[in-house]
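# Descriptive structure summary
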Amino acid sequence: MNETLTAVGNSQKQTTKRSTMFIGFSREDLENQLLDIVGSMEQEGMIDFHFRMVRGMKETNGPFFFASLLPTFCRDSTETLRELTAALGQTVLNYHDLVELSIKIRGSASCIGACRMADACNEVQRAAERGEDKESLLTALNAAKQVFSALQEKLGTLLQLEKRIISHDTAGR
């Protein structure tokens with residue numbers, strides 16, 4: 001079951017699997033599963049206390065706040081990583097742009113408590129600030145992409161749980 005909870009992909013088959021794997025669970029069960037995943041992400045050093053704070057903001061910003069924030073973060077991060085990749089593909093590197101893009105994605109990651117991703121993006125930023133060669137920058141960027149990929153997988157699972165929790169909450173009204 002734990003492997004099923006962490007298996008998140010982009011195909012329609014996997015999406016259908018995710019959307020049905022939590023059916024039959026009580027709201028409390030879903031909440032506990034979500035908190036268990038968050039706890040394991042904290043233990044792994046993937047996220048910090050800010051993540052729980054951001055999730056708690058749904059109490060004041062509405063039940064859909066967290067569920068809408070996660071896809072926005074993933075979409076924006078994917079785009080910024082694409083921009084960084086494109087910038088590194090140029091013949092002449094624009095170190096200023098690389099630093100700015102790294103700061104952008106690091107800030108987004110920090111804001112939601114994705115500390116490992118923020119640290120990885122900080123390494124890209126520092127390499128660009130030092131004017132390192134393209135190979136060193138690509139190594140740092142690829143490390144950031146790997147961290148993001150692992151984070152995105154976990155966030156996909158959390159999003160499905162959060163949506164089921166919202167369904168429980170709104171069905172009871």
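Residues numbered from 1 in each chain as written. Predicted model: local features only at pLDDT ≥ 70, side-chain atom pairs only at ≥ 80, totals over all residues. Heavy atoms only, no water.

When helices and strands are counted, the protein shows 9 helices and 0 strands. The order of helices and strands in the protein, counted from the N terminus, is α-α-α-α-α-α-α-α-α. Expressed as a percentage of contacts within the protein between residues at least 6 apart in sequence, the contacts between residues at least 24 apart total 69%. In the structure as shown, the protein presents an accessible area of about 9,300 Å², 52% of it carried by carbon and sulfur atoms. (Helix = DSSP H or I, 4+ residues; strand = E, 2+ residues; numbered from the N terminus. Contact = heavy atoms within 4.5 Å. Areas by Shrake-Rupley, 256 points an atom, 1.4 Å probe, with all protein chains shown as cover.)

For the rest of this paragraph, the subject is the packing of helix α6 (residues 65-88) against helix α9 (residues 134-171). Interaxial distance between α6 and α9 falls to 9 Å at its minimum, and their mutual angle equals 165 degrees. When the axis of α6 is compared with that of α9, the two are roughly antiparallel. For the pair α6 and α9, the crossing hand works out as left-handed. A class-by-class count of the residues in the contact of α6 with α9 yields 18 nonpolar, 4 polar and 3 charged. (Axes fitted to C-alpha atoms, helices over the stretch in contact; angles between N-to-C directions. Parallel < 35°, antiparallel > 145°, perpendicular 65-115°, else oblique. Left-handed = near helix turned anticlockwise from the far one by under 90°. Nonpolar A, V, L, I, M, F, W, Y, C, P; charged D, E, K, R; others polar.)

Here the focus is the nonpolar core. Judged by nonpolar contacts, the single largest core of 46 residues is most densely connected at Phe73, Met117, Leu151, Leu155 and Leu158. Of all the secondary-structure elements, those providing two or more residues to this core are α3 (27-43), α4 (49-56), α6, α7 (95-112), α8 (115-129) and α9. Residues in contact with Met117, not counting those within four places in the same chain, are Phe73, Ser77, Ile105, Ala109, Val147, Phe148 and Leu151. (Core = buried A, V, L, I, M, F, W, Y, C linked by side-chain atoms within 4.5 Å. Buried < 20%, exposed > 50% of the residue type's maximum accessible area, 1.4 Å probe, protein only.)

It is worth spelling out the pattern of salt bridges at this point. Using the criterion set out here, one finds 9 salt bridges in the structure. Glu132 is the salt-bridge partner of Arg130, the closest N and O atoms lying 2.6 Å from each other. Residue Arg130 is classed as partly exposed on the basis of its relative accessible area, which comes to 49%. Take Glu132: its relative accessible area is 23%, and that puts it in the partly exposed class. Each of Arg27, Glu31, Arg55, Lys58 and Glu162 takes part in salt bridges that share partners, so that together they form one network. (Salt bridge = Lys/Arg side-chain N within 4 Å of Asp/Glu carboxyl O.)

The subject of this paragraph is the environment of Val38. Assignment of secondary structure puts Val38 in helix α3. In this structure, the C-alpha to C-alpha distance between Val38 and Phe49, residues 11 residues apart in sequence, is 9.9 Å. In contact with Val38, other than residues within four places in its own chain, are Ile47, Phe51, Arg52 and Leu158.

With that out of the way, let us pick up α4. Along α4, the residues that are buried comprise Phe51, Val54 and Arg55. Buried residues of α4, viewed axially, fall in a sector of 100 degrees; they line one side. The backbone nitrogen of His50 lies 3.0 Å from a side-chain oxygen of the residue at the head of α4, namely Asp48. (Arc of directions from axis to C-beta. Polar contact = N/O pair within 3.5 Å; in protein donor to acceptor, adjacent residues only side chain to side chain.)

Turning our attention to the side chain of Glu162. Note that Glu162 resides in helix α9. Of the residues examined, Glu162 reaches a relative accessible area of 0% and is grouped as buried. Only 2.5 Å separates the side chain of Glu162 from the side chain of Lys58, close enough to count as a polar contact.

Let us look at the confidence of the model for the protein. When the pLDDT values of the protein are averaged, the result is 87; 85% of them are 70 or greater. This model gives residues 1-22 a pLDDT under 50, and the stretch forms 29 contacts once residues within four places in sequence are excluded. (pLDDT = per-residue confidence, 0-100.)

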